[in-house]
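Understanding the architecture of this molecule
Residue strings, one per chain:
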Amino acid sequence: MEEIRRSNTKKQIFLIVLCCLAYGFAYVGRYSYNSNISNIINEFGVSQASTGLIGTFFFFTYGVGQILNAFLCKYYPKRFVIAGSLLLSSIINCIMFFLPATPGAFEAIKFLWMCNGVCQSVLWPTLILTLSETIEKRLMKYGILAMSVSVAIGTFLAYGGSAIFSLPSVNFYRGTYLLAVGLMMTLAIIWFCSYNTLTAQKPVLGEVQAPAEEEKKKSGVSGIPAALAGLVAVCAVFAVADNLIKDGFHTWAPRILEKTFDLNISKSIALTLVLPVFGFFGSASALWANKLIKGFRPLTGTFYLLTSLCLGGIALIFYHGGTGTPMLIIALILMGLISSLTHGINNILTSIMPLTLRSKVNAGLLTGVLNGFCYLGSTISTYGLGKIADHFDWKIVILVLLCVTIGVTALAGITTLIHALKGEKDPEQESVE
């Protein structure tokens, strides 16, 4: 029995790593465009709003797809669906590499990236469901941590590759598409070949819990228990605001640095690497904070409060601090902290919460719904923030984001207080040990 348990543990750990890399490499395949947004503006001669609209096309189809796949993922043959999603996304990136720099080709990018959103939308809920059904409780904290850092890994690879390919001595930004193709195709092959072996042996001692029957009978809308409906509704608002800020910074930070501090494209992209690096720590800190602050509303509200303070600091720099090197360094640190905090919020909503509550609700369903709302925020961020910058400037963009975080922080505080005054049994008072 002990030998079987050790073998099973190794398989589960490898599966956790594989799920992490699958989503991380897919992020390279979606940020291969966003990481080169300044290069694309210069090559195609288009506006910031126009380039942001392409990201909006991706995030819209991705977000809608997330919600649909949240309900359907339990029926999917995961071996084929995950590998197929990565393969199709790599093909789209390959087409992007060969597109000519013409107005007609730029219009085609919108529809290519829309298809990319559809292809990749199956990944997150299906991967989370795979872990929920396969990983033992004692290993779940590692699964949560691995999936939360997958975003930072993919973002770092995408922007790191873009920074290298954008160097004046290289001047080959389209190489980022080839990087995405190579990573996704490799992972698709590994997933397809190893999935059956890694999931053949289910965890012993009944450590994987499906939603209890009594909870299913109490389900509210579409399989979400009535006791969780209020929490999910509030967290959906948190999710929209989180990705509005997180993807807003990831998409536009190079442009903000380029225009505010008069940097060249390669240097501004390279400096943006501070965001995913800080993101690693944010994902881990959310897991740690979950042990200290019980309840997902106050936990998320705390992260939003700190985000508000950082955005306030950036606003002060942009309006009163000047554009010298000291102010650039402080701005980068604050942007890094914002990235850390928003990655932490994303981890709370799409990893910690679904996998912690997996005995009460289908983890794939819950994470898909919340991730769908996350990408509603992403949809707004790419076109909306670019449009604001075109008509005003990046200082106004920062003020808009600050107002959003203050509003969501207030929502978290008010709903936490109301819930506490009701004195009801709280289904969310759990943490991953």
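If you're wondering where the values come from, they're calculated on a predicted model, not measured in any experiment.

Further remarks concern the overall build of the protein. Within the protein one finds 16 helices and zero strands. For the protein, the spread of C-alpha atoms along the principal axes amounts to about 60 × 50 × 35 Å. Within the protein, the fraction of its 433 residues that count as buried is 59%. Within the protein, contacts between residues separated by at least 24 positions form 86% of all contacts whose residues are at least 6 apart in sequence. Summed over all atoms, the accessible surface of the protein reaches about 16600 Å², with 70% contributed by carbon and sulfur. For the protein, the distance from the average position of its 30 positive side-chain charges to the average position of its 21 negative side-chain charges is 4 Å.

With 127 residues, the main nonpolar core has Tyr-23, Tyr-33, Leu-86, Leu-127, Trp-191, Phe-249 and Met-353 as its most contacted residues. In terms of residue count, the dominant contributor to this core is helix α10 (residues 226-261) (16 residues). Among residues more than four places away in sequence, those in contact with Tyr-33 are Ile-40, Thr-51, Ile-54, Gly-55, Met-96, Phe-106, Ile-109, Trp-113 and Tyr-177.

Attention now moves to a nonpolar patch on the surface. On the surface, Phe-60, Val-64, Leu-68, Phe-71, Leu-72 and Tyr-75 cluster together into a nonpolar patch covering about 610 Å² of accessible area. Along the chain, Leu-68 falls in helix α3 (residues 48-72). According to the relative accessible area criterion, Leu-68 is exposed, its value standing at 52%.

Following the sequence through the fold, Gly-45 ends up in the loop between α2 (37-44) and α3. The exposure class assigned to Gly-45 is exposed, which follows from its relative accessible area of 63%. Once the C-alpha coordinates of Gly-45 and Thr-102 are considered, the two residues, 57 residues apart in sequence, prove to be 9.5 Å apart.

Moving on to the side chain of Ser-381. Summarising the element assignment, Ser-381 is placed in helix α15 (residues 363-391). On the accessibility criterion, Ser-381 (0% relative accessible area) is buried. When sequence neighbours within four positions are dropped, the list of residues in contact with Ser-381 reads Asn-243, Leu-244, Asp-247, Gly-248, Trp-252 and Gly-386.

In this model helix α6 (residues 123-134) runs 16 Å from its N-terminal to its C-terminal C-alpha over 12 residues, within 8% of the 16 Å that 1.5 Å per residue would give. Of all 12 residues making up α6, 11 are buried, and the element is well covered by its neighbours. Within α6 the residues assigned to the buried category are Leu-123, Trp-124, Pro-125, Thr-126, Leu-127, Ile-128, Leu-129, Thr-130, Leu-131, Ser-132 and Thr-134.

Bringing the confidence of the model for the protein into the picture now. Here the protein averages 84 in pLDDT, and 90% of its residues register 70 or above. Least confident of the elements in the protein is helix α9 (residues 213-217), whose mean pLDDT is 45; most confident is helix α4 (residues 78-98), at 95. A low-confidence stretch, residues 204-210 (pLDDT under 50), is modelled with 20 contacts involving residues beyond four sequence positions or located in other chains. Scored below 50 in pLDDT, residues 212-221 makes 12 contacts in the model with residues more than four places away or belonging to other chains.

Enumeration over the complete set of coordinates arrives at 20 aromatic pairs. On the basis of an interplanar angle of 45° and a centroid distance of 6.4 Å, the ring pair of Phe-58 and Trp-113 is categorised as tilted. Taken together, the residues span a long stretch of sequence, with Phe-58 in helix α3 and Trp-113 in helix α5 (residues 103-120) at a distance of 55 residues. Both residues of the pair, Phe-58 and Trp-113, count as buried. Three or more aromatic residues link up through ring pairs in this structure, and these residues are Tyr-33, Phe-58, Phe-59, Tyr-62, Trp-113 and Tyr-375. One cation-aromatic arrangement involves Arg-79 over Phe-192; the distance from NZ or CZ to the ring centre is 3.9 Å. Here the guanidinium or amino end of Lys-395 rests over the ring plane of Tyr-319, the centre of that ring lying 5.4 Å away.

Calculation criteria
Residues numbered from 1 in each chain as written. Predicted model: local features only at pLDDT ≥ 70, side-chain atom pairs only at ≥ 80, totals over all residues. Heavy atoms only, no water. Helix = DSSP H or I, 4+ residues; strand = E, 2+ residues; numbered from the N terminus. Buried < 20%, exposed > 50% of the residue type's maximum accessible area, 1.4 Å probe, protein only. Contact = heavy atoms within 4.5 Å. Areas by Shrake-Rupley, 256 points an atom, 1.4 Å probe, with all protein chains shown as cover. Lys, Arg positive; Asp, Glu negative; His and termini not counted. Charge placed at Lys NZ, Arg CZ, Asp CG, Glu CD. Core = buried A, V, L, I, M, F, W, Y, C linked by side-chain atoms within 4.5 Å. Patch = residues over 30% accessible without salt bridge, like charges linked within 9 Å, V, L, I, M, F, W, Y side chains within 5 Å. Salt bridge = Lys/Arg side-chain N within 4 Å of Asp/Glu carboxyl O. Expected span 1.5 Å × (residues − 1). pLDDT = per-residue confidence, 0-100. Phe/Tyr/Trp six-rings, centres within 6.5 Å; stacked < 30°, edge-to-face > 60°. Lys NZ or Arg CZ within 6 Å of the ring centre and 35° of its normal.

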